[in-house]
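# Examination of the molecular architecture
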Amino acid sequence: MARDYYEILGVSRDTDKEEIKQAYRRLARKYHPDVNKEPGAEDRFKEINRAYEVLSEPETRARYDRFGPEGVSGAAGSGFQDVGDMGGFADIFESIFSGFAGGMGNPTQQRRRSGPARGDDLRLDLKLDFREAVFGGEKEIRISHLENCEVCSGSGAKPGTRPRTCSTCSGSGQVRRVTRTPFGSFTQVSTCPTCNGTGMVIEDKCDACDGKGANQVTKKLKITIPAGVDNGTRLRISSEGDSGQRGGPPGDLYVYLFVNEDEEFQRDGINILSEIKVSYLQAILGCRLEVDTVDGPVELIIPAGTQPNTVMKLENRGVPRLGNPVSRGDHMLNVLIDIPNKVTPEERELLEKLAKIKGDRTGKGGLEGFLGNLFK
């Protein structure tokens, strides 16, 4: 039995969408295969993604809450079908009831099996550098997907020929078998073994696609990364999934984004965090320093008497808000005071004079005590 999706993400059933998103980001960072090489991490990562796909969308979450995993099975695996697509859920009931007389001969079912079918959705994981995630931009990707055969236009038949109606099932895609029992006759409906449920048979196969109607093609795409994306952000590229069958529309491509860690900067929502180290004299007297930001070097004023671990803010130097790039977070700098382990004789003489002026006792360990008093 599949684990409960709420349990997988470690959230309660009344958790709001934002908390679900935060839980997913935390777990995705921990279990991504490029980060976590432990056995089972990749399966855990897939499990986490599946849980988030269902619980992040209100409609699929409502179906899951009401019917359980069966209610959202249409979006399972690598398909990631549209939220409103109930096809997979309906197929469950077809498979349950198709073996009885009540389900036989249903024209709707026959059309579903032999009519146009939407292509599969595809997934691609894409890594971004820290600044690429902050500012966005164009990114070139390579994908491999099924495209309709240009020679036969997706029919699978050799040019100049056409598929014929299956004689076994008369084009219905289904065959029936009647079983007589002491309790009456029962009709079992199953997929036609000759045409595999399509209702059509290709006698002269297209040489270019071997009768499949589609070929695996690798292509390059340029996609736009919005400013402010983060780990777990999902982009939908319409019609770049696998081609549909029997004239059906193609699926979509879903690009999942993962951001590389930066040596200097960290991210907290739309704020950027970093550290700056100053000498104890700069902290006491104040100074002007040039600090790095994602926008480039910026001058920062350190006020006189700055204490250790003071957090200074550079407004509008953080991450653009996703969907509203005009609005940006702040850059928060944690000030670290560099107190030397050793000083030159000249420095010590000057410090001892200052200690006498302040009335502090010095001696063995006195310098450390003196510097400690400066920052109280």
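These numbers come from a predicted model, not from an experiment.

What follows is about the layout of surface pockets. Considered as a void within the structure, the second largest pocket measures approximately 990 Å³ in volume. Per element, the largest residue contribution to the lining of the second largest pocket is seven residues, and it comes from helix H2 (residues 17-31). Among the residues forming the lining of the second largest pocket, the class breakdown is 14 nonpolar, nine polar and 16 charged.

Taking the UniProt record as the reference, the feature "binding site: Zn(2+) 1" (unreviewed entry) is found at Cys 149, Cys 152, Cys 206 and Cys 209. The named residues occupy 61 residues along the chain; their greatest pairwise C-alpha distance, 9.0 Å, places them in one compact cluster. As for its placement among the helices and strands, Cys 152 is situated in the loop between strand E2 (137-148) and strand E3 (164-165). Setting aside chain neighbours within four positions, we find Cys 152 in contact with Ala 157, Cys 206, Cys 209 and Gly 213.

Attention now moves to the packing of H2 against helix H3 (residues 41-55). As a packed pair, H2 and H3 sit with axes 10 Å apart at the nearest point and diverge in direction by 165°. Relative to H3, H2 is oriented roughly antiparallel. The crossing of H2 and H3 is left-handed. Along the contact surface, H2 presents Ile 20, Lys 21, Tyr 24, Leu 27, Ala 28 and Tyr 31, while H3 presents Ala 41, Arg 44, Phe 45, Ile 48, Asn 49, Tyr 52 and Leu 55. Counted by class, the contact of H2 with H3 contains 10 nonpolar, one polar and two charged residues.

All right, on to the sheet that holds strand E14 (residues 310-314) then. Strand order in the open sheet formed by four strands is E10-E11-E17-E14, with mixed pairing between adjacent strands. Of all strands in the sheet, those with a lone pairing partner are strand E10 (266-268) and E14, marking the two edges. Between one strand axis and the next, the sheet turns through 35° on average, direction left out of account.

This part takes up H2. Counting along an α-helix, one turn takes 3.6 residues, and residues three or four places apart therefore face a common direction. Helix length check: H2, at 15 residues, gives a terminal C-alpha distance of 21 Å against a target of 21 Å (1.5 Å per residue), a fit within 8%. Buried within H2 are the following residues: Ile 20, Ala 23, Tyr 24, Arg 25, Leu 27, Ala 28 and Tyr 31. Where the residues of H2 are buried, they touch helix H1 (5-9), H3, helix H4 (58-67) and strand E9 (253-259). Where H2 begins, one side-chain oxygen reaches toward the backbone nitrogen of Glu 18, 3.3 Å away; that side chain belongs to Asp 16.

Applying the stated criterion across every chain yields a total of zero disulfides. Unpaired in terms of disulfides, Cys 169 finds its nearest cysteine sulfur in Cys 195, a separation of 3.7 Å.

UniProt records the feature "binding site: Zn(2+) 2" (unreviewed entry) for Cys 166, Cys 169, Cys 192 and Cys 195 in the present numbering. The largest pairwise C-alpha distance within this set of annotated residues, which runs over 30 residues, is 9.0 Å, so the set is compact in three dimensions. Secondary-structure assignment places Cys 166 in the loop between E3 and strand E4 (174-181). Discounting chain neighbours no more than four positions away, the residues touching Cys 166 are Gly 171, Cys 192, Thr 194, Cys 195, Gly 199, Met 200 and Val 201. Setting aside residues no more than four positions away along its own chain, Cys 169 makes contact with Gln 174, Val 175, Cys 192, Cys 195 and Gly 199.

What the rule picks out here adds up to 23 salt bridges. For Arg 13, the salt bridge goes to Asp 65, with nearest N and O atoms at 3.5 Å. With Arg 13 in the loop between H1 and H2 and Asp 65 in helix H4, this residue pair connects regions lying 52 residues apart in the sequence. The partly exposed category is assigned to Asp 65, whose relative accessible area is 38%. For Arg 44, the salt bridge identified is with Glu 47, shortest N-O distance 3.5 Å. Separated by three residues within a single helix, Arg 44 and Glu 47 lie in helix H3, roughly one turn from each other. Look at Arg 44 and you get buried, because its relative accessible area is 18%. If you follow the salt bridges from partner to partner, you end up with Arg 25, Arg 29, Asp 230 and Arg 267 in one network.

The next point concerns the environment of Thr 224. Assignment of secondary structure puts Thr 224 in strand E7 (residues 214-225). Of the residues examined, Thr 224 reaches a relative accessible area of 58% and is grouped as exposed. Here the alpha-carbon distance between Thr 224 and Ile 237, two residues 13 residues apart in the chain, equals 10.0 Å. Setting aside chain neighbours within four positions, we find Thr 224 in contact with Gly 137, Glu 138 and Leu 235.

Turning our eyes to something else, we now look at the packing of H3 against H4. Remark: H3 packs on H4, axes separated minimally by 6 Å, with the N-to-C direction vectors making an angle of 105°. Here H3 lies roughly perpendicular to H4, going by the angle between them. Across from Glu 53, Val 54 and Leu 55 in H3, the residues of H4 making contact are Thr 60, Arg 61 and Tyr 64.

Quick look at the environment of Asn 148 now. Along the chain, the position of Asn 148 falls in strand E2. Taking the C-alpha atoms as reference, Asn 148 lies 6.0 Å from Ser 243; in sequence the two are 95 residues apart. If we ignore the near neighbours within four places in the chain, the residues touching Asn 148 are Gly 154, Gly 213, Ala 214, Ser 243 and Gly 244.

Thresholds, definitions, all that
- Residues numbered from 1 in each chain as written.
- Predicted model: local features only at pLDDT ≥ 70, side-chain atom pairs only at ≥ 80, totals over all residues.
- Heavy atoms only, no water.
- 1 Å grid on protein atoms, 1.4 Å probe; cavity = no way out; pocket = protein on both sides within 12 Å on 5 of 7 lines; lining within 4 Å.
- Points joined across faces, edges and corners; volume = space filled by probe spheres on them.
- Helix = DSSP H or I, 4+ residues; strand = E, 2+ residues; numbered from the N terminus.
- Nonpolar A, V, L, I, M, F, W, Y, C, P; charged D, E, K, R; others polar.
- UniProt positions renumbered as here; feature names shortened; annotations may be inferred.
- Contact = heavy atoms within 4.5 Å.
- Axes fitted to C-alpha atoms, helices over the stretch in contact; angles between N-to-C directions.
- Parallel < 35°, antiparallel > 145°, perpendicular 65-115°, else oblique.
- Left-handed = near helix turned anticlockwise from the far one by under 90°.
- Pairing = 2+ DSSP bridges.
- Expected span 1.5 Å × (residues − 1).
- Buried < 20%, exposed > 50% of the residue type's maximum accessible area, 1.4 Å probe, protein only.
- Polar contact = N/O pair within 3.5 Å; in protein donor to acceptor, adjacent residues only side chain to side chain.
- Disulfide = S-S within 2.5 Å.
- Salt bridge = Lys/Arg side-chain N within 4 Å of Asp/Glu carboxyl O.

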